[in-house]
Each structure stands twice: as structure tokens, then as C-alpha cells.
Amino acid sequence: MTVQPSPSRPGRPVLLGQNQYGKAENRVVRITRDGDTHHIKDLNVSVALSGDMDDVHYSGSNAHVLPTDTTKNTVYAFAKEHGIASAEQFGIHLARHFVTSQEPIHRARIRIEEYSWERIEHHGRGAHSFVRANQETRLAQITYDGTSWEVVSGLKDLVVMNSTDSEFHGFVKDTYTTLPEAHDRILATQVSARWRFNWTDDAQQAPDWETSYAESRRHLLEAFAETYSLSLQQTLYEMGARIVEHRDEIDEVRFSLPNKHHFLVDLEPFGLKNDNEVYFAADRPYGLIEATVLREGRPQLIPADLTNL
């Protein structure tokens, strides 16, 4: 194949591939004051823009470049102008703005982490004191190309444990197998999950993003708690299936589940019997179980490595 030189790269048979730019990790906290009662939205917003950006790479011309400092300022201005009803809706406002207001920009991807706060109940005046709640971080990724939307939400660092109702046996054994079969074990994991919405067009009714997140999280946790587990893979499938079966707006769920191993401590040298009571919590190495659960007939679109980001 002969590469045709362009004025921007005269005589150079080297092509520019996929590229994007933006301002990453813009920390924005929005306080909504309802009299003495305040509400907090705490986000970490990353903006990535792509489009007609060849010249800035080939010649250094910034004629099509919206400064990343401007994208940062837009995040803060939009927090004031539009408020933050949900991570997803805020990302939709930003993505639409960048694609529709700047002709060279053809695609915007907005990634958002949301940190939750819980109100501190007290007997003093007002309701404006909070404590950081939950260990997990809420996530949203909104992508817009001027025509269609892709919204992927989820969470990471949600640590869960079942202290019983879990087994692991009947597995393949070879020369190097030393793991004993377990008929009553601790099952623990640190959930990283993403789910993809089937909302892709402005003509469709958008989901209630806040309700959808809360309910998806609830179904995920209930499935973990209610599944008598013979493998972490089985539990993963039930968690995803519960979301897909109960949330019509979601077609796909992707999980990354590290198995947080708990091993029984050998207490026999001390003349003690360990009746599934004392465990060593190992942090590494760990089994890592990853899979996608889909609504029948729908495509798999969430990248396999997205849950590791």
C-alpha cells in the first residue's frame, strides 16, 4: 500500500491513528441549598474529545483545538447552570455541548466517578453535616457522536462477603493441585461492575438515572446474598441476570470480581480445633473472575477490559 503524503506531513509514510484529548479528573462538588437542608453531589469528571484533529498533530496548528482548560471551566460552569441531577444526566449535558458547539469535535466521552455522602443526624440546627458513605465509587461513562448515545454506568470497590452458603469442589486436579475441596467456605469479593443502557437516541424516553442506579445496586447485592454459591462464576451470573431481568433499560452487565480468599488457620499446633471460625485473609495472589451477562438477542458492547480501568 502506498501512502499519499499530505501537506501536513510531506513525504512521510507515517499515519496518525485514533486520538483524543481533554481534561482529566476535574473534581467538582455541587451544594444545593434548600433552606437549612443541604444536598451534596461530589464528582470526578474526565472529558475526552476527538474529531478533526490531524493538523494539531502533524503541524502543531491549534486552529481546531478547544483548550483543555476550557473543558475544565465548562464542567464547573455547567455544575452551576444545569445542576447535577445525576452523574449520567450531567455527563449528557457536557457531551452534547462539546459535540454541538464545536464543529471539529465529532465525539465526546465523559467519564464520571461519584462519591456518596450520608447525612449526619444530630439535634442541632439545620441538616448540613455529612460523612462519606459507602466504600464503593459510582461510575458513569457517556459517549456522544452527534447522533447516538452510549451510557454505561456502574460501580467499583464494593466489598461484599458471605460467611457461609458457599462451596468449591469437584474441580480439575493435576500434579500441582494442593487446594482442598471446600463444602463450607467464606465467599468475598470486591465488585467492579458496568451496565449498558439501551437508551441511545434523544427520541427515546431517558431512564430515571438515580432510580436505575439504586435498583441495579440493590439487585446485585440481593443476588449475591441469596445465591447458594458453588462457584464465584455462578454468583457472578446470578448478579448480572438479576439486573437484566428486573431493569428493562439495561441490556448488558460486565463484572470483574477478584476472589478475596479466606483460608482457615491451622490451630492444631496449639492444641485447638478450628471449626470454621478463624481465617487468614489473603490479599494476593487472588483468583480473578470476569464475565459479561447479556439480554438475549442484544450485542456485547462493553469492552472486556473496561472494568479494570
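The structure this text deals with has already been given above.
A brief report on the enclosed structure follows. (Residues numbered from 1 in each chain as written. Predicted model: local features only at pLDDT ≥ 70, side-chain atom pairs only at ≥ 80, totals over all residues. Heavy atoms only, no water.)

**Overview of the overall build of the protein**
Piece 1. When you go through the protein residue by residue, the secondary structure sums to five helices and twelve strands.
Piece 2. For the protein, the C-alpha atoms occupy an extent of roughly 80 × 70 × 40 Å along the three principal directions.
Piece 3. With 309 residues in all, the protein has 40% of them scored as buried.
Piece 4. When the accessible area of the protein is evaluated, it comes to approximately 17300 Å², of which 49% is carbon and sulfur surface.
Piece 5. Side chains of the protein carry 32 positive and 45 negative charges; the gap between the two charge centres is 6 Å. (Helix = DSSP H or I, 4+ residues; strand = E, 2+ residues; numbered from the N terminus. Buried < 20%, exposed > 50% of the residue type's maximum accessible area, 1.4 Å probe, protein only. Areas by Shrake-Rupley, 256 points an atom, 1.4 Å probe, with all protein chains shown as cover. Lys, Arg positive; Asp, Glu negative; His and termini not counted. Charge placed at Lys NZ, Arg CZ, Asp CG, Glu CD.)

**A few points about the pattern of salt bridges**
Piece 1. Summed over all chains, the structure comprises 20 salt bridges.
Piece 2. Salt-bridge contacts for R218 lead to E222; the nearest nitrogen and oxygen are separated by 2.9 Å. With R218 and E222 both in helix α4 (residues 209-226), this residue pair falls four residues apart, about one helical turn.
Piece 3. Salt bridges sharing common partners tie together K41, E88, E114, R138 and E210. (Salt bridge = Lys/Arg side-chain N within 4 Å of Asp/Glu carboxyl O.)

**Let's talk about a negative patch on the surface**
Piece 1. A contiguous patch of negative charge on the surface is contributed by D52, D54, D55 and E103.
Piece 2. For D55, the position within the fold is in helix α1 (residues 54-58).
Piece 3. Judged by relative accessible area, which is 37%, D55 ranks as partly exposed. (Patch = residues over 30% accessible without salt bridge, like charges linked within 9 Å, V, L, I, M, F, W, Y side chains within 5 Å.)

**A look at the nonpolar core**
Nonpolar side chains in soluble globular proteins tend to end up buried together.
Piece 1. Ranked by internal contacts, the top residues of the largest apolar core, which has 53 residues, are V45, F90, V191 and W195.
Piece 2. Top element by residues in this core is helix α3 (residues 87-101). It accounts for seven residues. (Core = buried A, V, L, I, M, F, W, Y, C linked by side-chain atoms within 4.5 Å.)

**Points about helix α5 (residues 232-246)**
Piece 1. Taking 1.5 Å per residue as the helical rise, α5 with its 15 residues ought to reach 21 Å, and the 21 Å between its terminal C-alpha atoms agrees with that figure.
Piece 2. Burial in α5 covers these residues: L232, T235, L236, M239, G240, A241, R242, I243 and V244.
Piece 3. Looking at the packing, one finds that the buried side of α5 touches β8 (187-197), α4, β9 (250-259) and β12 (287-294). (Expected span 1.5 Å × (residues − 1). Contact = heavy atoms within 4.5 Å.)

**So, the packing of helix α2 (residues 68-81) against α3**
Piece 1. At a minimum axis separation of 11 Å, α2 and α3 run at an interaxial angle of 130°. Comparing their axes, α3 and α2 come out oblique. Of the two possible hands of crossing, α2 and α3 adopt the one that is right-handed. For the pair formed by α2 and α3, the contact residues are T71, T74, V75, F78 and A79 on the first element and F90, H93, L94, H97 and F98 on the second. (Axes fitted to C-alpha atoms, helices over the stretch in contact; angles between N-to-C directions. Parallel < 35°, antiparallel > 145°, perpendicular 65-115°, else oblique. Left-handed = near helix turned anticlockwise from the far one by under 90°.)

**Focus on the layout of surface pockets**
Piece 1. Here the largest pocket is characterised by a volume of approximately 520 Å³.
Piece 2. Around the largest pocket, the lining is made up of 20 residues, and of these L179, A182, R185, H262 and F263 lie nearest the centre.
Piece 3. Breaking the lining of the largest pocket down by element, the ones donating at least two residues are α5, β10 (262-264) and β12.
Piece 4. For the lining of the largest pocket, the element with the most residues is β10, which contributes three residues. (1 Å grid on protein atoms, 1.4 Å probe; cavity = no way out; pocket = protein on both sides within 12 Å on 5 of 7 lines; lining within 4 Å. Points joined across faces, edges and corners; volume = space filled by probe spheres on them.)

**Details of the packing of aromatic side chains**
Piece 1. This model, assessed by the stated rule, comprises six aromatic pairs.
Piece 2. Here F197 and W209 contribute two aromatic rings whose centre-to-centre distance is 4.9 Å and whose plane-to-plane angle is 85°, an arrangement assigned as edge-to-face. Taken as a pair, F197 in strand β8 and W209 in helix α4 lie far apart in primary sequence, twelve residues in all. By the burial criterion, F197 is buried, and W209 matches it.
Piece 3. Both rings, one in W199 and one in W209, keep their centres 5.8 Å apart while their planes meet at 85°; by these two values the pair is edge-to-face. (Phe/Tyr/Trp six-rings, centres within 6.5 Å; stacked < 30°, edge-to-face > 60°.)

**Quick word on the side chain of T137**
Piece 1. Structurally, T137 is set in strand β6 (residues 137-144).
Piece 2. Discounting residues that sit within four places of it in the chain, T137 has contacts with E113, E114, Y115, G154, L155 and K156.

**Observations regarding the environment of E103**
Piece 1. Among the structural elements, E103 can be located in the loop between α3 and β3 (105-115).
Piece 2. Judged by its relative accessible area of 74%, E103 falls in the exposed class.
Piece 3. When the C-alpha positions of E103 and K80 are compared, they lie 25 Å apart, and in sequence the two are 23 residues distant.

These figures come from the coordinates and say nothing about function on their own.
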